[in-house]
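The residues making up each chain are set out below.
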Amino acid sequence: MFVFGLGNPGPEYDGTRHNVGFMTVEKMAAQKEVKLKKRCLRSFKSARINDGNDILVEPLTYMNRSGEIIPSCLHEGDKLIVICDQMDLPPGKLRIRLKGGSAGHNGLKSIIEYWGEDFIHVYIGIGHPEEGITVPDHVLSRFSPSDALLVDKATDMAAEAVLDILEGKPINEILQKANSFHP
């Protein structure tokens, strides 16, 4: 199974709201004691886990073009999990759906364009922008200290939930635990 953590590449985006997918995949890699690496001419970083059966991926194409790497990664019959931010959820709230649309998320729109809607969606809440703040400015901003603590706990829980899915644990139990999570 492939696990895509969505975000924007480069140190200027580290810790931004849009990069919670990267944060989660990096936590998974750390737990499995592997490092995400970019191979020559590839537009993504990846690492194999679970005896090579599962692959963690960070697209390096920027959020709105995340799906462009799919033809070089996935093949018919592969399974996919995508981890991304969600403004419609409060900071730190977690929601997992077995399939669905883009929910207005441009990174998911790109994934759907190349793969379709048949993948597990893992959403991590980042909250709505405050009045006077545009959506692009909001998603590219860093969390307040209090929201950062909530999101850190949510990315921990998301990493745990995805690893449980990869290990074949009962999906209904994983969904119940993750979707009722409150940091």
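Computed from a predicted structure; not experimentally measured.

Trainee: I would appreciate a short explanation of helix 1 (residues 20-31) in the present structure.
Mentor: Residue pairs three or four apart in sequence face the same way in an α-helix, which turns once every 3.6 residues. Here helix 1 spans 17 Å end to end across 12 residues, near enough to the 16 Å set by a 1.5 Å rise per residue. Regarding helix 1, the residues found buried are V20, G21, F22, T24, V25, K27, M28 and A29. Packing partners of the buried residues in helix 1 comprise strand 1 (2-5), strand 4 (54-59), strand 5 (80-86), strand 7 (120-125) and helix 5 (145-166). Downstream of helix 1 by a residue or two, E33 has a phi angle that is positive, lying close to 55°.

Trainee: In this structure, what is going on with the pairing of strand 3 (residues 44-49)? I would like to understand it.
Mentor: Side chains on a regular strand alternate between the two faces of the sheet. Summarising the sheet, strand 2 (residues 37-38) and strand 3 pair through 2 bridges and their orientation is antiparallel. Residue K37 lies in a different strand from strand 3, and its bridge partner there is S46. Turn length for the strand 2-strand 3 hairpin, with the two strands adjacent in sequence and antiparallel, is 5 residues, and the turn residue L41 shows positive phi of about 65°. Bridge count for strand 3 against strand 4 is 6 bridges, and the pairing is antiparallel. Within strand 4, the position partnered with S46 by the bridge is V57. Following strand 3, the chain reverses through 4 residues before pairing antiparallel with strand 4; N50 in that reversal takes a positive phi of roughly 55°.

Trainee: Just checking my understanding: could you explain the packing of aromatic side chains for this structure?
Mentor: Here the distance between the centres and the angle between the planes together describe a pair of aromatic rings. Scanning the model with the defined rule gives 1 aromatic pair in all. Measuring from centroid to centroid gives 6.1 Å for Y13 and Y62, while their planes differ by 80°, and the two rings are edge-to-face. You can see Y13 sitting in the loop between strand 1 and helix 1 and its partner Y62 sitting in the loop between strand 4 and helix 2 (70-73), a full 49 residues away along the chain. Y62 sits in the partly exposed class, given a relative accessible area of 39%.

Trainee: Help me understand helix 6 (residues 171-179) in this model?
Mentor: Burial in helix 6 covers these residues: I174, L175 and A178. Projection of helix 6 onto a plane perpendicular to its axis shows the buried side chains occupying an angular sector of 95°, all on one side. Summarising the geometry of helix 6, the exposed residues directed more than 90 degrees from the buried face are N172, E173 and Q176. The elements touched by buried residues of helix 6 are strand 6 (94-97) and helix 5.

Trainee: Can you help me understand the packing of helix 5 against helix 6 in this one?
Mentor: Axes are the key here: two packed helices are described by the angle between their axes and the distance separating the axes. Running from N to C, helix 5 and helix 6 cross one another at 175°; their axes reach a closest spacing of 10 Å. Of the possible angle classes, the one that applies to helix 5 and helix 6 is roughly antiparallel. Contacts between helix 5 and helix 6 involve M157, E160, A161, D164 and I165 from the former and I171, I174, K177 and A178 from the latter. Of the residues assigned to the contact of helix 5 with helix 6, the class counts are 6 nonpolar, no polar and 3 charged.

The rules behind the values
Here the residue numbers are simple positions, counted from 1 along each chain's written sequence. Local features in this predicted model are restricted to residues of pLDDT 70 or higher, and side-chain atom pairs are both shown and tallied only at a pLDDT of 80 or more, whereas totals for entire chains, interfaces and linings draw on every residue. Derived side-chain values reflect all non-hydrogen atoms in the structure, with water molecules and hydrogen atoms excluded from consideration. Here a helix means four or more residues in a row that DSSP labels H or I, a strand means two or more in a row labelled E, and each is numbered from the N terminus. A helix's residues, less one, multiplied by 1.5 Å, set its expected span. Remark: exposure states derive from per-residue accessible area (1.4 Å probe, protein chains only) relative to the maximum for the residue type, with buried under 20%, exposed over 50%, and partly exposed in between. When checking whether two residues touch, look at their non-hydrogen atoms; a contact exists if any pair is within 4.5 Å. Strands were regarded as paired on the criterion that DSSP finds at least two bridges between them. Working definition: a ring pair exists when centres of Phe, Tyr or Trp rings (six-membered ring for Trp) sit within 6.5 Å. Plane angles under 30 degrees give stacked, over 60 give edge-to-face, the rest tilted. The arc in question is formed by the directions pointing from the helix axis toward the C-beta atoms. Every angle, taken between N-to-C directions, lies between 0 and 180 degrees, and every axis is a line fitted to C-alpha atoms, over only the stretch in contact when it is a helix. Should an angle fall under 35 degrees it is taken as roughly parallel, and over 145 as roughly antiparallel, whereas 65 to 115 is taken as roughly perpendicular and any remaining angle as oblique. The classification used treats Ala, Val, Leu, Ile, Met, Phe, Trp, Tyr, Cys and Pro as nonpolar, Asp, Glu, Lys and Arg as charged, and all other residues, Gly among them, as polar.

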